[in-house]
Amino acid sequence: MKSNLKTGRPSFIYRISQIGYREKGTALIFVLPFVIGFIIFNVIPMLYSIMISLMDFNTFKPLNMIKFIGFDNYTRLFNDPIALNAFVKSFIYTLFYVPGLIILSFIMATLLNKTFALRGLTRTLILMPYVANVVAVSIVWSILLDPFGGPINQIIEKLGGTPPMWLSGVKTALPTIAGINVWQSLAFQTIVFLAALQGVNKELYEAADMDGASRLRRLWSITLPAISPTTFFLVITSIIGSFQNYASVRMLTNGGPGTSSRVISLNIYEEAFTLNHYSYASAQAMILFAIVLVITIIQWKGQKRWVHY
């Protein structure tokens with residue numbers, strides 16, 4: 001067996017190690033653009049946000065007047081009823097948005113997984129809301145849900161019902177926004193659920209049929225456990241997305257009426273770019289990041305009880 005003079009190892013082992021180094025180098029070349037972009041657009045801005053959240057960069061002033069104030073911006077937040085209310089509104093929005101999105105997308109995927117006429121066209125059409133511009137969607141829904149003469153309220157009145165205020169009501173604005181966003185986001189979740197449903201082993205259903213299992217039993221004992229990793233992924237991404245709902249809230253209600261739909265993402269934007277409270281807005285953003293991180297960690301720890309890989 002020949003050996004390499006430089007390393008003393010057998011030649012074939014040397015060649016394998018060289019191939020391994022080349023593969024690692026190739027992988028690094030492909031990964032490097034993402035890593036560079038992630039550092040520039042994610043890591044550096046986050047570190048900068050942490051830094052200015054500990055400073056007094058809250059108004060237009062010369063840089064030499066900006067000073068380090070520690071955690072004053074964070075303690076100020078807990079004495080700010082508007083900011084605290086915005087956090088509460090974000091949690092309420094999440095409670096409407098995430099269950100509605102997960103349940104409806106699963107039902108939609110189950111229906112689309114069946115054989116029926118124009119199934120391919122139907123699967124294509126459900127993508128239209130998802131790819132539509134959020135501004136256009138907001139304008140259309142604002143017209144449809146106009147409490148004074150809007151098409152939907154006119155239909156409700158003709159049917160003898162009492163139409164709600166929708167986006168103009170203090171109690172209905174936030175659930176209405178959540179419903180609109182569920183409608184627009186439904187396509188992505190549905191497609192992911194559909195792919196998961198098509199990956200379930202058909203032999204399990206055949207065995208269940210032979211044992212006389214009902215549809216509900218097959219759903220509970222086969223379908224849901226089989227797609228639980230997909231459900232876990234969609235729940236996490238939906239919760240994270242629910243706290244990033246600035247655009248739709250801004251276009252539909254701008255936080256109104258009053259502060260009934262003023263979520264924390266909108267509050268952060270207003271503090272930073274309307275009131276020029278950059279440090280205070282960064283502190284709120286860091287608190288929001290910490291909350292989302294804690295929720296994700298709790299879900300990750302709890303997945304062992306219901307996620308089956």
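The structure we're discussing is the one just above.
Quick summary incoming for the structure in this document.

Rules used throughout
Residues numbered from 1 in each chain as written. Predicted model: local features only at pLDDT ≥ 70, side-chain atom pairs only at ≥ 80, totals over all residues. Heavy atoms only, no water. Core = buried A, V, L, I, M, F, W, Y, C linked by side-chain atoms within 4.5 Å. Buried < 20%, exposed > 50% of the residue type's maximum accessible area, 1.4 Å probe, protein only. Helix = DSSP H or I, 4+ residues; strand = E, 2+ residues; numbered from the N terminus. Contact = heavy atoms within 4.5 Å. Polar contact = N/O pair within 3.5 Å; in protein donor to acceptor, adjacent residues only side chain to side chain. Patch = residues over 30% accessible without salt bridge, like charges linked within 9 Å, V, L, I, M, F, W, Y side chains within 5 Å. Areas by Shrake-Rupley, 256 points an atom, 1.4 Å probe, with all protein chains shown as cover. Salt bridge = Lys/Arg side-chain N within 4 Å of Asp/Glu carboxyl O. 1 Å grid on protein atoms, 1.4 Å probe; cavity = no way out; pocket = protein on both sides within 12 Å on 5 of 7 lines; lining within 4 Å. Points joined across faces, edges and corners; volume = space filled by probe spheres on them. Nonpolar A, V, L, I, M, F, W, Y, C, P; charged D, E, K, R; others polar.

Here we take up the nonpolar core. As a rule of thumb, nonpolar side chains are buried together in soluble globular proteins. Residues Tyr97, Phe193, Ile227 and Leu288 are the most contacted members of the largest nonpolar core, which totals 56 residues. The element that contributes the greatest number of residues to this core is helix α3 (residues 81–112), accounting for eleven residues. Among residues more than four places away in sequence, those in contact with leucine 288 are Phe87, Phe243, Ile264 and Ile268.

What follows is about helix α13 (residues 264–274). Burial analysis of α13 places eight of its eleven residues in the buried class, which makes it a mostly covered element. Of all the residues in α13, the buried ones are Ile264, Ser265, Leu266, Asn267, Ile268, Glu270, Glu271 and Ala272. As for α13, its buried residues are in contact with α3, α12 (246–252) and α14 (278–302). Asparagine 276 occupies a position one or two residues after α13 and carries a positive phi of about 60°.

A separate point is the side chain of threonine 190. Looking at the element boundaries, threonine 190 is found in helix α8 (residues 173–198). Overall, the relative accessible area of 1% leaves threonine 190 in the buried class. Only 2.7 Å separates the side chain of threonine 190 from the backbone oxygen of leucine 186, close enough to count as a polar contact. Ignoring anything within four residues of it in the chain, the contact list for threonine 190 reads Ser105, Met108, Ala109, Leu112 and Ile126.

Right, let's talk about a nonpolar patch on the surface for a bit. Where nonpolar side chains cluster on the molecular surface, the patch consists of Leu28, Phe30, Val31, Leu32, Phe34, Val35, Ile36, Phe38, Ile39, Ile40, Phe41 and Ile44 and spans about 1,200 Å² of accessible area. Considering the arrangement of structural elements, one finds isoleucine 39 in helix α1 (residues 11–53).

For the largest pocket, the calculated volume is near 650 Å³. If you go around the largest pocket, you meet 21 residues; those closest to its centre are Gln244, Ile268, Ala285, Leu288 and Phe289. When residues of the lining of the largest pocket are traced back to their parent elements, those giving at least two are α1, α13 and α14. When grouped by side-chain class, the residues that make up the lining of the largest pocket number 16 nonpolar, five polar and no charged. Roughly 530 Å³ of volume is contained in the second largest pocket. In terms of lining, the second largest pocket is formed by 13 residues, of which the most central are Thr110, Asn113, Lys114, Tyr205 and Thr223. In terms of residue count, the dominant contributor to the lining of the second largest pocket is helix α10 (residues 215–226) (five residues).

The full count for this structure, using the stated rule, is two salt bridges. Residue arginine 218 is joined to aspartate 209 by a salt bridge in which the shortest nitrogen-to-oxygen separation is 2.9 Å. Residue class for aspartate 209 comes out partly exposed when judged on its relative accessible area of 43%.

To continue, consider the environment of leucine 144. Among the secondary structure elements, leucine 144 is positioned in helix α6 (residues 134–144). C-alpha separation for the pair leucine 144 and glutamine 154, spaced ten residues apart in sequence, amounts to 9.8 Å. If we ignore the near neighbours within four places in the chain, the residues touching leucine 144 are Gly150, Pro151 and Ile152.

Structurally, the position occupied by arginine 218 is in helix α10. Taking relative accessible area as the criterion, arginine 218 reaches 19% and is therefore assigned buried. Setting aside chain neighbours within four positions, we find arginine 218 in contact with Tyr205, Ala208, Asp209, Ala213 and Thr223.

All right, on to unusual backbone geometry then. That bond from glycine 256 to proline 257 is cis: its omega, -5°, falls within 30 degrees of zero. For proline 257, the location among the structural elements is in the loop between α12 and α13. Residue tryptophan 166 is not a glycine yet carries a positive backbone phi of 55°. With respect to the secondary-structure elements, tryptophan 166 resides in the loop between α7 (151–158) and α8. Under the relative-accessibility criterion, tryptophan 166 is labelled partly exposed at 22%. Of note in the backbone geometry, asparagine 254 takes a positive phi value of approximately 55° without being a glycine. When you line up the elements, asparagine 254 lands in the loop between α12 and α13.

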